[in-house]
Amino acid sequence: MISIRDITVFLTAPDGQNLVVVRVDTSEPGLYGLGCATLAYRAFAVKEIIERYFKPLLIGRDVSRIEDIWKLLMVNAYWRNGPVGNNAVSGIDMALWDIKGKLAGMPLYDLLGGKCRDRVDVYRHCNAGSTDDVLALAEEAVESGCKTLRVAYTGFDAPEADAAYLCLANRCKQYDPQSYRKNIVSLLSSLRKRFGDRIQFITDIHERIDPPDALKLMQALQPLDMYFVEDPVSPEQSLWLKRIRALCATPIALGEVFSHPGEWTPLVQERLIDFLRLHLSAIGGLTPARKAAVLAETYGVRTAWHGSLDMTPIALAVQTHLDFASQSFGIQEYYGYPPHTTEVFPGTPVYRDGALWLEDTPGHGVTFNEEAARAFPPHSNPTRWTEMRLPDGTLHAP
Ligand code: GCO
Ligand code: MG
């Protein structure tokens, strides 16, 4: 039996965002696995769970028993399915899958049943302060081979974003939902006019408008034939989806903030969403994600896993393996990592010709340069961008 010999947690912020990496060493010399446990805004809490509670529980256990270990960690604290705990589980889970792939001499997509497509198509982001700048970014992305674009004004509601309001790209502290709703329709109309039918479009409402306004916006976008619109309502308001569904045909994508199967199972079963957008580490890793992919397949829903920058390239690689091997794959989100991150994570999946590509290395194929990571220590500033306010000062969902 090959057993777990040691577990190490690394925190690093190569391009400003805190990332959490878990390394599981085994009793077999040189054999180890890497997992992503990134909950960027609670990174230290995740590290504490793994080091204080998981490590003593796991040392000496058989690395081959992924299902058993996953469930053990899930139920260990009795209360379960929260994002902090799930991220801790994910770090171990992905590392164990990496080890299993290395032992089998197979890339994860082979362990998962083998490739059922030749390429994993992605959508890229085109966010800027003005229509002309969004169009210029869109031209660039299309030139690179991308056929699906996600677009928005950087200031969320304002064509000419006031830089003072911006914390991060695509985020503002204060915004006006009513002007957002009108501006996004006119931006998408300009894009459709420029590119005709050869490009597909996506936009992310990010739960930032109230459900009745979301319904109006989804209806206004219907003539533009969107690929999908993301997060029209918050998870707390998901019953509104029935109403939106009944009154309009704009496809719906949802799920990046989900952490509990009880949140996504009914939405898939009742076909209230078209694309399931889970964030793999927030649900507990590859083990629950492959089950969610099969659930989606059963009900004719497609996947579009969350592919943001607040996850390591390890998580991006793991979901790309699943994309290759899953019948329910729809599309993959891809931002493109800044240079320090790819330096810290050799083997980051490569973007080319509108798609993500993987080497056929055993496991997930991404490594971690511990020495390079040390040059980018984590920060402990509480995040600010989630404090989103309406013009009258009311706090809204971010
Ligand atoms: C997306 C997301 C992200 C999130 C981010 C939060 O669809 O890509 O909404 O941009 O805002 O992951 O930290
Ligand atoms: Mg989103």
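Cut-offs used in this document
Residues numbered from 1 in each chain as written. Chains lettered and ligands numbered in written order. Predicted model: local features only at pLDDT ≥ 70, side-chain atom pairs only at ≥ 80, totals over all residues. Heavy atoms only, no water. Near = heavy atom within 4 Å. Polar contact = N/O pair within 3.5 Å; in protein donor to acceptor, adjacent residues only side chain to side chain. Areas by Shrake-Rupley, 256 points an atom, 1.4 Å probe, with all protein chains shown as cover. Nonpolar A, V, L, I, M, F, W, Y, C, P; charged D, E, K, R; others polar. Helix = DSSP H or I, 4+ residues; strand = E, 2+ residues; numbered from the N terminus. Contact = heavy atoms within 4.5 Å. Donors = N, O, S within 2.8 Å, 3.2 Å for Na, K, Ca; no water. Buried < 20%, exposed > 50% of the residue type's maximum accessible area, 1.4 Å probe, protein only.

## Let's talk about the site of ligand 1
Around ligand 1 sit 14 residues in total, of which Tyr41, Arg150, Asp310, Glu333 and Tyr335 are the nearest. Note that an oxygen atom of ligand 1 is positioned 2.5 Å from one of the side-chain N or O atoms of Tyr41. At a separation of 3.4 Å, an oxygen atom of ligand 1 approaches a polar side-chain atom of Ser308. Against a free-state accessible area of 340 Å², the protein chains account for coverage of 94% of ligand 1. In terms of residue class, the shell around ligand 1 is made up of three nonpolar, three polar and eight charged.

## Observations regarding the environment of Arg61
For Arg61, the position within the fold is in the loop between helix H1 (43-58) and helix H2 (66-75). Not counting residues up to four positions away in its chain, the partners in contact with Arg61 are Met1, Ile2, Ser3, Ile4, Ile69 and Leu72. Within the local environment of Arg61, its side chain forms a polar contact with the backbone oxygen of Leu57, the two atoms lying 2.8 Å apart.

## Digging into the coordination of the magnesium ion (ligand 2)
Where a metal carries four tetrahedral donors, each ideal angle is 109.5 degrees; where it carries six octahedral donors, the ideal angles are 90 or 180 degrees. Coordination of the magnesium ion (ligand 2) by the protein comes from Asp204 (OD), Glu230 (OE) and Glu256 (OE), over a distance range of 2.0 to 2.3 Å. The sequence motif formed by the donor residues of the magnesium ion (ligand 2) is D-x25-E-x25-E. In this pair, Asp204 sits in strand S6 (residues 200-204) while Glu256 sits in the loop between strand S8 (252-254) and helix H9 (261-269), placing the two residues 52 residues apart along the sequence. No difference in accessibility class separates Asp204 from Glu256, as the two residues are buried.

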